[in-house]
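# Coordinate inspection notes
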Amino acid sequence: MNELGRGYARIEAMRGARGEPMGSVPEPSPPPPDKYNSVYFTLFVSGAAFLLPFNSFIMAVDYFQHHYPNSTIMFDMSTVYIASACVAVVINNLLVDLFTYNTRITFGILLSLATMIFVAVCNIGWDGFPNNVSYTINLVAIGVVAFGCTVQQASYYGFTGCLPPRYTQAVMAGESAAGFWVSLDRIMTKFEFSEPQRSTFMFFTFSILILLGHSVLHHLMMRHPLVLHYLRLTVESRHRRRIQLHLNPTEDATLMESEAGDATYGVLKLQSPAPSNTGETDNAFSFANPVYSPTASGPEPRSSSGASPPPSASQPSASPSALQTPRPSYKVEDVVFEPPDRPTSWRGFKRSVQARWSVARAIYPYMVSIGLVYFTTLSLYPGIASEVPSCRLGSWMAIVLMSSFNFFDLIGKFAAAWPYEWSRSQLLMASGLRLLLVPLLLLCAAPRHSPHIIGDIYPIMFSVILGFSNGLFGSVPMIMAPSRVGREHREIAGNMMTLSYNGGLLSGTLVSYLLLNMLGPPTGSPCRIYPTPPLPTLPPIITTPSNITFITTPH
């Protein structure tokens, strides 16, 4: 054997690789304060901004249903959005090592913003295209918007996975705030402008202004000391995971100088012949500093002169019979950081796949839970929710149901910050119970000519439960999952959770098409109009001067 290589990693890195909670690991230094909660507020706005375009398309349901009558425009837009989002989250996972957070998020912002401006000006404000062409433009536009928004979403969840959990909750609360905001915005513009085209144009304009403000806030946040602190810790943690100790036994010299001055890892240096004061030969690795020994109990400081003290610990590596043969010993002298593999190399790709598989094994209950939550939600919202009829509210019924969902979804996201430790079984059970909402809300719209569940209060109540449970049980798994892996894997955990999240969205959207087929084609208003029978009339009474009363009867 010409070369001998052996690597050692910190205990917390080994725990992280096994998927154990990392909350007990102390930070090397206290983080800078988040004065005025500026980082929290910016991430809240960011969560609203990357879902604002999708919610803007969905909440303009009255305009699109009026503009494209007897079409499946809401189902088509949801399907295109989710399919494009799934493609985007897969590409983001593959390219996560090639581009920084800031690059990916900025790309998503510009793509979404440009598409929203084009749709608002050319397809809604001008409206110079034929219906079939504008229909196609809307579907292509929402696909492009989905790609840009999902790149932002996956990047933000990977980014906030490196920060404390409250910042992940801020992003998820912002997502719900996007739905709540567009609900209020749509109601106000619908009241203010009676003409649908003008009200929808103003509605999209307000959304574009928020996207512009989000772009400015994001670039300011990336310079915040708190953000820079946690990003530095993540980079250092990744370097530590890549550390290996290399030695060529034919050389009596340190192989590489330290690149970081971190005294917690060492290079083995050859000492030949092996020092022995006890008369026994030692066929082992002798560690000059016990911190580098697998059996060491704690670190000891390195001497200021750079020379290593006498060996104090050993690791047996051969049978007792082999111990009689003199072997060289090794001492820890310096620190070496192995440079990261190029992301395009086969070795780097293999390491990336293995890391994702390890993370998935550690957080799979949370991935299943969040996938079930969004599968149930997208099976009903916005497709089936937009098909529930109302004799009293008319075209407002869809807006009321969506507004109720968005408002209580926001409340659920804030409730996710409550300090309660949800177990994996509780999350899976709650996600499974939400499936009962699918037949309940479906019976409020089926069959079309006479729904089984009659009345406005029942679909509104089901929409409230759907929204609150979506906010709560869609946030808790996303918040808890990054804490179950090491710091160096938290971005991967955020991206894997986003992948499961989008898988639930796509499968739920496909099921919504199945439910639409169960409803059948529209059959007009289900409101029963009963004919009112004519009331009987009394004949007129005629009184004569002689007090004789005659009753005339009709012939």
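I will try to describe carefully the structure that is included in this document. Each chain has its residues counted from 1, running along the sequence as written. Per-residue local features of the predicted model are confined to residues with pLDDT of at least 70, and side-chain atom pairs are confined, for both listing and counting, to 80 or more; whole-chain, interface and lining totals are unaffected and use all residues. Side-chain metrics rest on all non-hydrogen atoms present in the structure, leaving aside hydrogens and water.

By the secondary structure assignment, Ser500 is in helix H16 (residues 490–519). For Ser500 and Cys86, which are 414 residues apart along the polypeptide, the C-alpha to C-alpha distance reads 9.4 Å. Other than its neighbours up to four places away in sequence, Ser500 contacts Met367, Val368, Ile370 and Gly371. Here a strand is any run of E in DSSP of at least two residues, a helix any run of H or I of at least four, and the numbering for each starts at the N terminus. Contact definition: two residues touch when any of their heavy atoms are within 4.5 Å.

Stacked, edge-to-face and tilted labels apply to pairs of Phe, Tyr and Trp rings (six-membered ring for Trp) whose centres lie within 6.5 Å, assigned for plane angles under 30 degrees, over 60, and everything in between, in that order. A full pass over the atoms with the stated rule returns 19 aromatic pairs. Where Phe180 meets Phe407, the ring centres are 5.1 Å apart and the plane angle is 45 degrees; that geometry is what we call tilted. In this pair, Phe180 is assigned in helix H7 (residues 165–192) and Phe407 in helix H11 (residues 396–415), connecting sequence segments 227 residues apart. The partly exposed category is assigned to Phe180, whose relative accessible area is 25%. Buried residues are those whose accessible area, probed at 1.4 Å on protein chains only, stays under 20% of the maximum for their type, while exposed residues exceed 50% and partly exposed ones sit between those limits. Taking relative accessible area as the criterion, Phe407 reaches 33% and is therefore assigned partly exposed. With 5.2 Å between their ring centres and 85 degrees between their planes, Phe407 and Phe408 make a pair best called edge-to-face. The class for Phe408 is partly exposed, based on a relative accessible area of 26%. An aromatic cluster is present here, built from Phe57, Tyr63, Phe64, Tyr68, Tyr135, Phe203 and Phe204 joined pairwise through their rings.

The convention used is that axes are lines fitted to C-alpha atoms, helices contributing only their stretch in contact, and that angles between N-to-C directions extend from 0 to 180 degrees. Where helix H2 (residues 38–59) contacts helix H4 (residues 73–94), the two axes come as close as 10 Å, and the packing angle between them is 160 degrees. Viewed along their axes, H2 and H4 adopt a mutual orientation that is roughly antiparallel. Of the two possible hands of crossing, H2 and H4 adopt the one that is right-handed. Residues Phe50, Leu51, Phe54, Phe57 and Ile58 of H2 form the contact with H4, whose participating residues are Met74, Met77, Ser78 and Tyr81. Each residue receives one of three labels: charged for Asp, Glu, Lys and Arg, nonpolar for Ala, Val, Leu, Ile, Met, Phe, Trp, Tyr, Cys and Pro, and polar for the others, Gly being one of them. Broken down by class, the residue content of the contact of H2 with H4 amounts to eight nonpolar, one polar and no charged. An angle below 35 degrees is read as roughly parallel, one above 145 as roughly antiparallel, one from 65 to 115 as roughly perpendicular, and any other as oblique. Throughout, a crossing is termed right-handed when the near helix is turned clockwise from the far one, and left-handed when it is turned anticlockwise from it by less than a right angle.

Attention now goes to the pattern of salt bridges. When a carboxyl oxygen of Asp or Glu is within 4 Å of a side-chain nitrogen of Lys or Arg, the pair counts as a salt bridge. Enumeration according to the criterion identifies three salt bridges in this entry. When the shortest N-O distance is used, the salt bridge between Glu387 and Arg448 registers 2.9 Å. A residue pair is termed long-range when its members are at least 10 positions apart, and Glu387 in the loop between helix H10 (346–380) and H11 and Arg448 in the loop between helix H13 (437–442) and helix H14 (457–473) qualify at 61 residues. With a closest N to O distance of 3.1 Å, Glu421 and Arg484 form a salt bridge. Residue Glu421 is found in the loop between H11 and helix H12 (424–433), and its partner Arg484 is found in the loop between helix H15 (476–480) and H16; the two are separated by 63 residues along the sequence.

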